[in-house]
Amino acid sequence: MLSGVLDSTSPELIPSLHADASSWFEEHGDVVNAVTHAIKSGNVDRAVKLVLDAGGWELTLFGGVSVLRVLIRNSLTDGINRFPRLQIAYALLLMKDGHIKEAEAQLQQIEIDFRSNRLTELERRDYVVTKAQLDTYRDAVLSEASFGMLRGMLEDWPLEDPRGAGVIQALVGISANARWQFKLATEATNAGVSSMRRANSVLGISYCYMHLGQTAFYQGDFELAIAHLREAADSVEDNFGADSQLKNSSDIVLSALGYWQNHVSLDAPRLLMLLATACDTDSWFDVYFCGFSCLLDHGLTARDPELLQAALDLCRTTIRRKEISRLALLLPFFELYVAIANDNESDILRAARKCEELEGMEGGPFSLEANFIPLAESALMLNSRYGLDPVLASRLSGLNNIIGIAEDRGAHFFLIRLLVMRARIQHDRRGVERGVDDILKAAKYAARTSMKTPFATPAVAAIVRAAVRSGRDKPENRLEVAFLQDCLANPILDRRGSVKEDEKKLSRRELDVLAELAVGQSNKGIARALDMTDHTVKFHLKNIFAKLGVDNRISAINAARDMQLIH
């Protein structure tokens, strides 16, 4: 009302009143209203100074994303290219809101002045930090040269700027994780924690703990990973509210950790929702990988094509919005998962061919050291398709190679799953002894961190039982045997409550007998393995033959394989 009166009676007073209001709000610590009134007074330069004095891009390290959003988007987007530091802060805000392409466009405008040395020292620093974040989030530092440049930034970084140093150190940690250089990742991120402490940034420290949790995850140290991730999630919730983007990312990785430890803990709809939020805001490859790979593994094992398709559609949307190269690299393999779950042979062959072409590219993406994660996942996915395929020898060659790398680098989360996959293949090729060795070796690592899910799938039940039999009388394998027995006691069932719809024809005990039969056990061997009498074995076999419509052991095995009751 007052504004209307002044407009009609004394319009010349309005700018000075807004200027006075801006000063009053500044004195009382209300930067948002101080900026708003500075804009209304016509003093854009003062408004820009207020934003930059409040921290500019550094507001994001103190939970000030929403404040930055109000300051810039509601007031200062017009003519923003007149103020490089403000434009850089705007680019970071766009990144935080999930608008990667728009953020890149803003930084490209700044890059011209950066290369022409027309920026002040402070503007150059802001540009370098923000560009490094964008490049890391988009996987643009995968080459050795780019990674070296990122690490080189720290050598000459000014000691009086712990905030910028902390960001770069955290980004080095993310990039080192891509290379499975976990010692470097831990050292760099711990240095980031120290820098953020010097800067008094609780949010910056929490991000570093998030990255440390991711490193521990890949190393298979789930207890440490959970401790770091909970510290990050609890800290941001206590200080910045439950809707923090960092808490959302932490919850995604914690959900994945829970799934790999105990498959029944997964709340798939919630994880999809968390991933959708991450797609709309800011996150990076490791978070998306943990969430999507977990959902797809669960969907394939439980034969839930609806879940798989929902996860695949969201993954495509994320790739389109975020342009994350390693996630795009995994997409054909995720598509193969969906085709397998739908049991569509033409789609399976088409997806597998696409994956093989990508893997076989001379000097292609899988030749980069920074692509170990896609390489490991591609080996798992392609080998899950090729059980008894005649070209399996070539597939095993690639699998053996990535197993060696994972073991050498200490990437135990991947090593466990890769060893279980190779054991399954060896078992299918009648290489039971080698398969047992792989299961026991995988169990040695998995037991330390209670990573049970890879051993609880129907596809590996027979070889896991064989490993239990083999290790039962060996004192050095007691821990592994106890762990594997625990896994067998909690098998993964599909959403209908059985491993396959056809298994409703057979009881659980009959399926156990069938699995032992498939590995060549005699009646006495089956009785010993399952702790039953010879008479009970004969009784179960008679029922199995009748239900499968066969009259001998070989026909029963073949019929069971055709019905996918055994693998």
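Residues numbered from 1 in each chain as written. Predicted model: local features only at pLDDT ≥ 70, side-chain atom pairs only at ≥ 80, totals over all residues. Heavy atoms only, no water.

Asks: Help me understand the overall build of the chain, please; the structure alone is not making it clear to me.
Replies: Summing up its helical and strand segments, the chain has 29 helices and zero strands in all. Classification of the 567 residues of the chain by burial places 58% in the buried group. Considering only intrachain contacts with a sequence separation of at least 6, the fraction spanning at least 24 residues in the chain is 65%. Within the structure as shown, the chain displays about 23,900 Å² of accessible surface, and the carbon and sulfur contribution to it stands at 50%. (Helix = DSSP H or I, 4+ residues; strand = E, 2+ residues; numbered from the N terminus. Buried < 20%, exposed > 50% of the residue type's maximum accessible area, 1.4 Å probe, protein only. Contact = heavy atoms within 4.5 Å. Areas by Shrake-Rupley, 256 points an atom, 1.4 Å probe, with all protein chains shown as cover.)

Asks: Before we go on, may I ask you to explain the packing of helix H14 (residues 245–261) against helix H16 (residues 285–301) in this structure?
Replies: In a packed pair of helices, the relevant descriptors are the angle between the two axes and the axis-to-axis distance. In contact at an axis separation of 9 Å, H14 and H16 are set at 35° when each is read in the N-to-C sense. Where H14 crosses over H16, the handedness of that crossing is left-handed. Note on element contacts: H16 touches H14 through Val-287, Cys-290, Gly-291, Cys-294, Asp-297 and His-298, opposite Ser-249, Ile-252, Val-253, Ala-256, Tyr-259 and Trp-260. In the contact of H14 with H16, the residues fall into eight nonpolar, three polar and one charged. (Axes fitted to C-alpha atoms, helices over the stretch in contact; angles between N-to-C directions. Left-handed = near helix turned anticlockwise from the far one by under 90°. Nonpolar A, V, L, I, M, F, W, Y, C, P; charged D, E, K, R; others polar.)

Asks: How do you make sense of the pattern of salt bridges when you look at a structure like this?
Replies: Pairs can form between side chains of opposite charge whenever their charged atoms are close. Counted by the stated rule, this structure contains 25 salt bridges. One salt bridge connects Lys-247 with Asp-251, and the closest N-O pair in it is separated by 2.7 Å. In this pair, Lys-247 and Asp-251 both sit in helix H14, four residues apart, roughly one turn of the helix. Like Asp-251, Lys-247 is buried. (Salt bridge = Lys/Arg side-chain N within 4 Å of Asp/Glu carboxyl O.)

Asks: I'm lost on the packing of aromatic side chains in this one. Help?
Replies: Each aromatic ring pair is described using two quantities: the centre-to-centre distance and the angle formed by the ring planes. In total, this model carries 19 aromatic pairs according to the counting rule given. Among the aromatic residues, ring-to-ring pairing joins Trp-180, Phe-182, Phe-217, Tyr-218, Phe-222, Tyr-259, Trp-260, Phe-285, Phe-289, Phe-372, Phe-413 and Phe-414 into one connected group. (Phe/Tyr/Trp six-rings, centres within 6.5 Å; stacked < 30°, edge-to-face > 60°.)

Asks: What is the right way to read unusual backbone geometry from this model?
Replies: Across residues other than glycine, the phi torsion is negative in most instances, and most of the peptide bonds are trans. Not every positive phi belongs to a glycine, and Asp-139 is a case in point at roughly 65°. Turning to its location among the elements, Asp-139 is positioned in the loop between helix H8 (121–137) and helix H9 (144–155). By relative accessible area, Asp-139 is classed as buried at 6%. Of note, the phi angle at Ser-450 is positive, near 55°, even though the residue is not glycine.

Asks: Sorry if this is basic, but what is going on with the environment of Asp-53 here?
Replies: In this structure, Asp-53 sits in helix H4 (residues 44–53). Judged by relative accessible area, Asp-53 falls into the exposed class, the value being 53%. In the structure, Asp-53 is positioned 22 residues away from Val-31 in sequence and 9.6 Å away in space, judged by C-alpha atoms.

Asks: How should helix H12 (residues 202–218) be read in this particular structure?
Replies: Residue pairs spaced three or four apart in an α-helix point in one direction, given the helix's 3.6 residues per turn. Taking 1.5 Å of rise per residue, the 17 residues of H12 would be expected to cover 24 Å, and the 25 Å separating its terminal C-alpha atoms lies within 8% of that figure. The element H12 is largely enclosed, with a buried count of 16 among its 17 residues. After H12 finishes, the residue Gly-220 shows a positive phi value of roughly 80°. (Expected span 1.5 Å × (residues − 1).)

Asks: I'm lost on the nonpolar core in this one. Help?
Replies: Taken as a class, soluble globular proteins show a tendency for nonpolar side chains to be buried jointly. Trp-180, Phe-217, Ile-402, Phe-414, Leu-418, Phe-455 and Leu-484 are the most contacted members of the largest nonpolar core, which totals 162 residues. In terms of nonpolar packing, the next biggest core, distinct from the first, is built from 23 residues, Val-513, Ala-556, Ala-559 and Ile-566 among them. (Core = buried A, V, L, I, M, F, W, Y, C linked by side-chain atoms within 4.5 Å.)

Asks: Would you explain the packing of helix H6 (residues 84–96) against H8 in this entry?
Replies: In the contact formed by H6 and H8, the axes pass within 9 Å of each other and the chain directions differ by 20°. The angle between H6 and H8 places the two elements in the roughly parallel class. The hand of the H6/H8 crossing is left-handed. Contacts from Pro-84, Arg-85, Ile-88, Leu-92 and Met-95 in H6 reach Leu-122, Glu-123, Arg-125, Asp-126, Tyr-127, Thr-130, Gln-133, Leu-134 and Tyr-137 in H8. Its residues placed into classes, the contact of H6 with H8 shows eight nonpolar, two polar and four charged. (Parallel < 35°, antiparallel > 145°, perpendicular 65-115°, else oblique.)

Asks: Even after reading the chapter, I still don't get helix H3 (residues 31–40), so can you show me in this structure?
Replies: Turning to H3, its buried residues are Ala-34, Val-35, His-37 and Ala-38. Phi turns positive one or two residues past the end of H3, at Gly-42, with a value near 90°.

Asks: Just checking my understanding: could you explain the environment of Gly-220 for this structure?
Replies: Among the structural elements, Gly-220 can be located in the loop between H12 and helix H13 (222–240). Since its relative accessible area comes to 11%, Gly-220 is described here as buried. Sequence separation of Gly-220 and Thr-449 is 229 residues, and the distance between their C-alpha atoms is 6.7 Å.

Asks: Mind showing me how you'd approach the environment of Phe-539 here?
Replies: Along the polypeptide, Phe-539 turns up in helix H28 (residues 534–548). Sequence spacing of Phe-539 and Glu-510 is 29 residues, and the spatial spacing of their C-alpha atoms is 9.6 Å.

Asks: When you look at the side chain of His-18 in this model, what are you seeing that I'm missing?
Replies: Turning to its location among the elements, His-18 is positioned in helix H2 (residues 14–27). Setting aside chain neighbours within four positions, we find His-18 in contact with His-37, Lys-40 and Ser-41.

Asks: What should I look at first to understand the state of the cysteines in this one?
Replies: As used in these notes, a disulfide is a covalent bond between sulfur atoms, one from each of two cysteines. The tally for this structure, following the rule as stated, stands at zero disulfides. This cysteine, Cys-290, is not joined by any disulfide, and Cys-294 carries the nearest cysteine sulfur, 8.7 Å off. Its relative accessible area of 1% is what places Cys-290 among the buried residues. (Disulfide = S-S within 2.5 Å.)

Asks: Looking at this model, I keep getting lost on the confidence of the model for the chain. Mind explaining?
Replies: The predicted coordinates of low-pLDDT regions are not to be read in fine detail. Looking at the chain as a whole, the pLDDT averages 82, with 84% of positions reaching at least 70. Within the chain, helix H1 (residues 2–9) has the poorest average pLDDT of any element, 56, and helix H11 (residues 182–198) the best, 96. Segment residues 386–392 is flagged for pLDDT under 50; beyond a separation of four residues in sequence, or across chains, it makes twelve contacts in the model. Note on residues 494–504: pLDDT under 50 across the span, and 23 contacts to partners over four residues away in sequence or across chains. (pLDDT = per-residue confidence, 0-100.)

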